[in-house]
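Now for the letters of each chain:
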Amino acid sequence: MNTKEKNFVSAVVYLHNDGTRAAEFCAAVAARLAEHFAQYELVAVDDACTDDTVEALRAWGREQDAPLTILHMSLHHGLENAMNAGLDAAIGDYVYEFDSTVLCWPQELIFAAYRKALEGNDIVSVCPSATRSGSELFYRIFNANSHSPYRLRTDAFRLVTRRAINRVHASSAHLPYRKAAYAASGLKMADLEFAGRLTEKPAGRFSLAIDSLALYTDAGFKASMGITLCMLALALAELLYTLVIFFTGHPVAGWTTTMFVITVGFAGLFAVLSIAVKYLSLLVDLTFKQQKYLVESIEKIQK
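Residues numbered from 1 in each chain as written. Predicted model: local features only at pLDDT ≥ 70, side-chain atom pairs only at ≥ 80, totals over all residues. Heavy atoms only, no water.

Participant: Any chance you could explain the layout of surface pockets here in plain terms?
Facilitator: Reported here for the second largest pocket is a volume of approximately 210 Å³. Lining the second largest pocket are 13 residues, and of these V168, S171, S172, A181 and Y216 lie nearest its centre. Elements supplying a minimum of two residues to the lining of the second largest pocket: α6 (162-171) and α8 (205-216). In terms of residue count, α6 provides more of the lining of the second largest pocket than any other element does, three residues in total. The residue makeup of the lining of the second largest pocket, split by class, is eight nonpolar, four polar and one charged. (1 Å grid on protein atoms, 1.4 Å probe; cavity = no way out; pocket = protein on both sides within 12 Å on 5 of 7 lines; lining within 4 Å. Points joined across faces, edges and corners; volume = space filled by probe spheres on them. Helix = DSSP H or I, 4+ residues; strand = E, 2+ residues; numbered from the N terminus. Nonpolar A, V, L, I, M, F, W, Y, C, P; charged D, E, K, R; others polar.)

Participant: Looking at this structure, how should I read the environment of H174?
Facilitator: Here H174 is to be found in the loop between α6 and α7 (178-183). Owing to a relative accessible area of 7%, H174 belongs among the buried residues under this scheme. With 94 residues separating them in the primary sequence, H174 and E80 have C-alpha atoms 9.7 Å apart. (Buried < 20%, exposed > 50% of the residue type's maximum accessible area, 1.4 Å probe, protein only.)

Participant: Can you walk me through a nonpolar patch on the surface in this structure?
Facilitator: A cluster of nonpolar side chains, contributed by F221, M225, L229, L232 and L236, occupies part of the molecular surface with about 500 Å² of accessible area. Counting through the fold element by element, M225 comes out in helix α9 (residues 219-248). (Patch = residues over 30% accessible without salt bridge, like charges linked within 9 Å, V, L, I, M, F, W, Y side chains within 5 Å. Areas by Shrake-Rupley, 256 points an atom, 1.4 Å probe, with all protein chains shown as cover. Salt bridge = Lys/Arg side-chain N within 4 Å of Asp/Glu carboxyl O.)

Participant: Would you mind showing me how to read the pattern of salt bridges here?
Facilitator: Charged atoms that come close allow side chains of opposite charge to pair. Inspection of the entire model under this criterion finds 13 salt bridges. The partner of R140 in a salt bridge is E136, and the shortest N-O contact between them spans 3.2 Å. Note that R140 and E136 are positioned in helix α5 (residues 133-145) at a spacing of four residues, about one turn of the helix. Residue E136 is classed as partly exposed on the basis of its relative accessible area, which comes to 39%. A salt bridge links D155 to K179; its shortest N-O distance comes to 3.3 Å. Of the two residues, D155 sits in the loop between α5 and β6 (157-161) while K179 sits in helix α7, which places them 24 residues apart along the sequence. In this pair, the class of D155 matches that of K179, namely buried. Three or more residues are tied together by salt bridges with common partners; here these are E80, E97, D99, D155, R158, R178 and K179.

Participant: What should I look at first to understand unusual backbone geometry in this one?
Facilitator: Residues other than glycine predominantly adopt negative phi, and peptide bonds predominantly adopt the trans conformation. Unusually for a residue other than glycine, N17 sits at a positive phi of about 55°. Positionally, N17 belongs in the loop between β1 (9-15) and α1 (21-36). Overall, the relative accessible area of 33% leaves N17 in the partly exposed class. Backbone geometry places A48, a non-glycine residue, at a positive phi of 55°. Relative to the helices and strands, A48 is located in the loop between β2 (40-46) and α2 (53-61).

Participant: Help me understand the pairing of β1, please; the structure alone is not making it clear to me.
Facilitator: Residues in a regular strand point their side chains to alternate faces of the sheet. A large share of β1 lies buried, amounting to seven of its seven residues. Alternating positions in β1 separate into two faces, V9, A11, V13 and L15 on one and S10, V12 and Y14 on the other, with burial throughout. Bridge count for β1 against β2 is seven bridges, and the pairing is parallel. Its bridge partner being in β2, A11 is matched across the sheet by L42. For the crossover from β1 across α1 to β2, the handedness is right-handed. Direction of pairing for β1 relative to strand β4 (residues 94-98): parallel, over a ladder of five bridges. Its bridge partner being in β4, S10 is matched across the sheet by V95. (Pairing = 2+ DSSP bridges. Right-handed = clockwise from strand over helix to strand, strands pointing away.)

Now the structure itself:
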């Protein structure tokens, strides 16, 4: 008797110059999905690979039964935008998001994440027990200033339901940071933890971290208000100092002090302006640049 799960699942895999590791990773994922699911698909996002990643994946795809879709991006878009394209192409009721092809986690967690989702969780993150200090600091700041009841942390991959994908896309046509958008969706989230840490550090995460703090938390507002209040206190102190000098009749000899106050004041002003400019930049991107990726072609490979 066939006891495989009847829900259709998709696995979206991000690829950028992964070489033969891409085919090995997809083979491992496909084997696990074939073991537990009656219907599934693989969606590989070719983010402008310049090595033999696509050729190796094509060769593997011709020899196996699972539907394989290779999404060729017109140019290098980066992880988040490329994965947004992959999510748009996926048709599964449940979608696995694999941001990396490094298998540093137990493969049985693939189906364990699905079982966790069946308990009523729309987003299931598979997370390492150890986290880099830089990532830990970012998540500490993010969680302290976020309105979500769920705490974000470093994850190896995640499983999301179609409802979660529809919910976050209804709130915004573009997802600059999928993980934060899921946390802000109001849907139930859960974590599965494995012993170890991620062995590969994605590039370009600092800019993404700044964008995420500005979009999904109050960190930018609190920082700008803190700077503004400090500048106000400094200005009041300078005013008080001026009044004391005026009423006591002593000559003003603190030229250095005055210049220091002016310099710090201008520094604070520019700091606030830089935060405002960052918000304006994000608003322009979200309002006028709805199409964040360009798909060159879609290639379907079957045995």
